[in-house]
Amino acid sequence: MKISHKIGLVASIAVMGLALVACGGKSNSGSATKTVKYSAALVTDGGGVDDKSFNQSGWEGLEAWGKKNGLKKGVGGYNYAQSNSDADFTPNINKLIQAKYATIFGIGYKLESAIKNAAKANPKTNFVIIDDVIDAKNVASVTFKDNEGAFLAGVAAAETTKTKKVGFIGGMHGAVIDRFEAGFRQGVAAVDKNISVDVKYANDFSKPDVGQALANAMFNNDEDVIYQAAGGTGMGVFSAAKNQIKKKKVWVIGVDRDQTPEGKYSGGNLTLTSTVKGVDIAVEKLADDAKDGKFPGGRTTVYGLKEKGVKLARGNMSAAAWKAVQDYQQQIIDGKIKVAEKPSQLKK
């Protein structure tokens with residue numbers, strides 16, 4: 001983590017940002033130029049825009065929006081502020097407010113408090129919170145039915161395992177990862193209740209070494225499929241699998257983006273599938289809405305299988321596993337299966 005050499009800069013930004021928040025910010029609608037009016041930026045959580053997961057998906061959506069509209073990366077166009085820790089959220093948001101970005105995205109539920117405070121102090125700026133809900137007129141909230149995609153991941157794992165032992169590695173406990181865990185466990189049980197699901201948490205989204213250690217323990221316990229919902233920590237799960245593949249067949253299920261590239265090794269690919277979350281789609285659409293004067297402030301948009309906001313990638317599943325996934329997917333869309341949102345809702 002590159003923190004120490006940035007302490008002075010972050011402190012300066014924080015001071016300027018606090019002064020700005022105290023003054024309530026300035027309107028972007030009055031004297032702003034046409035380019036500034038259309039500008040948008042995002043603040044990452046600890047994973048960064050190259051985490052090959054959640055943050056990267058959000059940035060790809062904003063990049064696509066910017067390029068589509070002929071904007072350049074930087075002030076007056078599109079940009080991002082990367083957070084190395086939770087302490088960077090507020091300074092980063094304030095930095096973007098000072099630069100007069102018209103719409104500011106908080107990528108991840110961990111930014112909820114910082115976005116909420118900034119929105120209250122800057123009512124003329126549009127804010128978006130991804131993976132949480134904020135009740136404010138200038139905040140658009142976006143959530144995903146991660147549990148539905150995770151259910152399909154559970155089906156894929158159950159149809160693939162040879163040992164009848166699979167694993168789940170979460171980043172941190174909370175409402176969002178609860179949905180991943182609950183859906184995955186329910187999907188596994190829907191196929192075969194005799195398959196055991198080992199659940200472990202890294203308590204961090206940015207520690208691949210912890211993810212690797214947890215995965216190694218699972219693989220050594222004959223768990224041959226691991227679903228990771230752990231952001232950057234999940235990259236360690238792929239590392240562990242690549243070490244194990246030399247001795248036995250194991251699989252990893254990716255999260256948020258199609259992580260098939262992360263599973264490549266000499267001789268094959270160990271990414272079974274990935275639950276894909278349309279963070280990029282949501283970011284691009286909301287940026288478009290803001291540009292067109294249709295920003296849905298005060299409203300929450302929910303993306304599930306039916307809305308095509310979550311899905312399971314084809315990956316390297318067998319034909320039989322893929323067919324089972326499609327069958328269960330249709331049952332969820334048709335309302336025949338209700339997927340739990342919390343592990344506590346699962347039948348014992």
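Residues numbered from 1 in each chain as written. Predicted model: local features only at pLDDT ≥ 70, side-chain atom pairs only at ≥ 80, totals over all residues. Heavy atoms only, no water.

**A few points about the pairing of strand β9 (residues 251–256)**
For β9, the buried fraction is high: six of the six residues fall into the buried class. In this fold, the crossover linking strand β8 (residues 225–229) to β9 by way of helix α9 (residues 235–244) has right-handed handedness. (Buried < 20%, exposed > 50% of the residue type's maximum accessible area, 1.4 Å probe, protein only. Helix = DSSP H or I, 4+ residues; strand = E, 2+ residues; numbered from the N terminus. Right-handed = clockwise from strand over helix to strand, strands pointing away.)

**A few points about the sheet that holds strand β7 (residues 196–201)**
Reading across from one edge, β7-β6-β8-β9-β12-β14 is the order of the six strands in this open sheet, with mixed pairing throughout. The open sheet is flanked by β7 and β14 (310–312), the only strands paired with a single partner. Averaged over all adjacent pairs, the angle separating strand axes in this sheet is 15°, with direction ignored. When strand β6 (residues 165–170) meets β7, the two strands line up parallel, connected through six bridges. (Pairing = 2+ DSSP bridges. Axes fitted to C-alpha atoms, helices over the stretch in contact; angles between N-to-C directions.)

**Comments concerning the side chain of R257**
Here R257 lies in the loop between β9 and β10 (264–265). Excluding its chain neighbours within four sequence positions, the residues that come into contact with R257 are K52, S53, Q56, S57, E60, S274, T275 and V276. (Contact = heavy atoms within 4.5 Å.)

**Looking at the packing of aromatic side chains**
The description of an aromatic ring pair uses the distance of the two centres, along with the angle that the planes make with each other. For the structure shown, the criterion picks out ten aromatic pairs. Ring centres 5.8 Å apart and planes at 40° place the aromatic pair W59 and Y78 in the tilted group. Taken as a pair, W59 in helix α3 (residues 54–68) and Y78 in strand β2 (residues 78–81) lie far apart in primary sequence, 19 residues in all. Judged by its relative accessible area of 7%, W59 is buried. On the basis of relative accessible area, Y78 is assigned to the buried category, the value being 6%. Relative to Y80, the ring of W59 has its centre 4.8 Å away and its plane inclined at 70°; by these criteria the two rings are edge-to-face. Of the two residues, W59 sits in helix α3 while Y80 sits in strand β2, which places them 21 residues apart along the sequence. Classification of Y80 by relative accessible area gives partly exposed; the value is 28%. Among the aromatic residues, those joined into a cluster by ring pairs are F168, F180, F184, Y201 and Y227. The positively charged end of K249 is found above the aromatic ring belonging to W251, 4.3 Å away from the centroid. In this structure, K291 packs its charged tip against the face of Y38, placed 5.5 Å from the ring centre. (Phe/Tyr/Trp six-rings, centres within 6.5 Å; stacked < 30°, edge-to-face > 60°. Lys NZ or Arg CZ within 6 Å of the ring centre and 35° of its normal.)

**Description of the pattern of salt bridges**
A side chain of one charge can pair with a side chain of the opposite charge when the charged atoms of the two come close. Going through the model one piece at a time under the given rule, you end up with 14 salt bridges. The residue E181 makes a salt bridge to R185 at a minimum N-O spacing of 2.9 Å. With E181 and R185 both in helix α7 (residues 175–191) and four residues apart, this pair spans about one turn of that helix. Owing to a relative accessible area of 6%, E181 belongs among the buried residues under this scheme. Overall, the relative accessible area of 29% leaves R185 in the partly exposed class. Several salt bridges share partner residues, and in doing so they unite D131, D146, R179 and K277 into one network. (Salt bridge = Lys/Arg side-chain N within 4 Å of Asp/Glu carboxyl O.)

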